[in-house]
Amino acid sequence: MSRKRVEGTGIPRPSTGSAPCRVVVCRDCCCGTRKVPGVDHEGQLARLAQEVPVRVADCLDVCEHANVIVVQPSAAARAAGARPVWLGLVNDADATEDIVTWVRDGGPGVAPCPDILDLYAFTPPRRQR
């Protein structure tokens, strides 16, 4: 399997052929820092990158929801009307695993969002969409 590095880290990730959509992980002023205690931030990023294409973003300006992960649909799903799903307060390993499973299953527009992830979903302010 071809591996590239997760942008902004030394973490290898699978080639884009192994997952139909992408995950954007916020890592800047609040997300991924000690401001959110009790979370293995590097472990979370590494786990996501093991399974799905990951892009690390600077602050997404929704710090009250740290840690923020955005699941972006594949191009085909987006063309069919699927939209990114913003997930906030993703601060435990079980939620990370639920995201990995959903993305592997196809993500937005392809596979139904697991009910448990509805607890993490939020609508970002208009300027972030």
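Here is what the cut-offs are and how they apply
- Residues numbered from 1 in each chain as written.
- Predicted model: local features only at pLDDT ≥ 70, side-chain atom pairs only at ≥ 80, totals over all residues.
- Heavy atoms only, no water.
- Helix = DSSP H or I, 4+ residues; strand = E, 2+ residues; numbered from the N terminus.
- Phe/Tyr/Trp six-rings, centres within 6.5 Å; stacked < 30°, edge-to-face > 60°.
- Buried < 20%, exposed > 50% of the residue type's maximum accessible area, 1.4 Å probe, protein only.
- Salt bridge = Lys/Arg side-chain N within 4 Å of Asp/Glu carboxyl O.
- Pairing = 2+ DSSP bridges.
- Disulfide = S-S within 2.5 Å.
- Contact = heavy atoms within 4.5 Å.

What to know about the environment of T123
- Mapped onto the fold, T123 is located in the segment after β7 (121-122).
- Considering only alpha carbons, one finds T123 and L87, 36 residues apart in sequence, at a separation of 8.7 Å.

A short note on the packing of aromatic side chains
- Under the counting rule described, the total for this entry stands at one aromatic pair.
- Judged by centre distance (6.0 Å) and plane angle (75°), the rings of W86 and F122 are edge-to-face. Linking W86 in strand β6 (residues 85-87) with F122 in strand β7, this pair joins segments that are 36 residues apart in sequence.
- Judged by its relative accessible area of 8%, W86 falls in the buried class.

Here's the deal with the pattern of salt bridges
- Here the structure, examined in full by the defined rule, presents three salt bridges.
- Of the charged contacts in the structure, one is a salt bridge between E51 and R104, with a shortest N-O distance of 3.0 Å. One end of the pair, E51, is in helix α1 (residues 41-51); the other, R104, is in helix α3 (residues 93-105), and 53 residues separate them in sequence.
- Because the salt bridges share partners, they merge into one network encompassing R47, E51, E97 and R104.

What about the pairing of strand β5 (residues 69-72)?
- Pairing of strand β3 (residues 22-26) with β5, which is carried by four bridges, proceeds in the antiparallel orientation. Pairing of V23 across the sheet is with V71, part of β5.

What to know about the state of the cysteines
- Within this structure, the stated rule accounts for zero disulfides.
- Free of any disulfide, C30 has its nearest neighbouring cysteine sulfur in C63, separated by 3.8 Å.
- A relative accessible area of 16% means that C30 is categorised as buried.
- With no disulfide partner, C63 has as its closest neighbouring cysteine sulfur the one in C29, 3.5 Å distant.
- Among the residues examined, C63 registers a relative accessible area of 28% and is labelled partly exposed.

What to know about the environment of G107
- Mapped onto the elements of the fold, G107 is located in the loop between α3 and β7.
- It is 9.3 Å that separates the C-alpha atoms of G107 and P84, two residues lying 23 residues apart in sequence.
- Not counting residues within four places of it along the chain, the set of residues in contact with G107 comprises C21 and W102.

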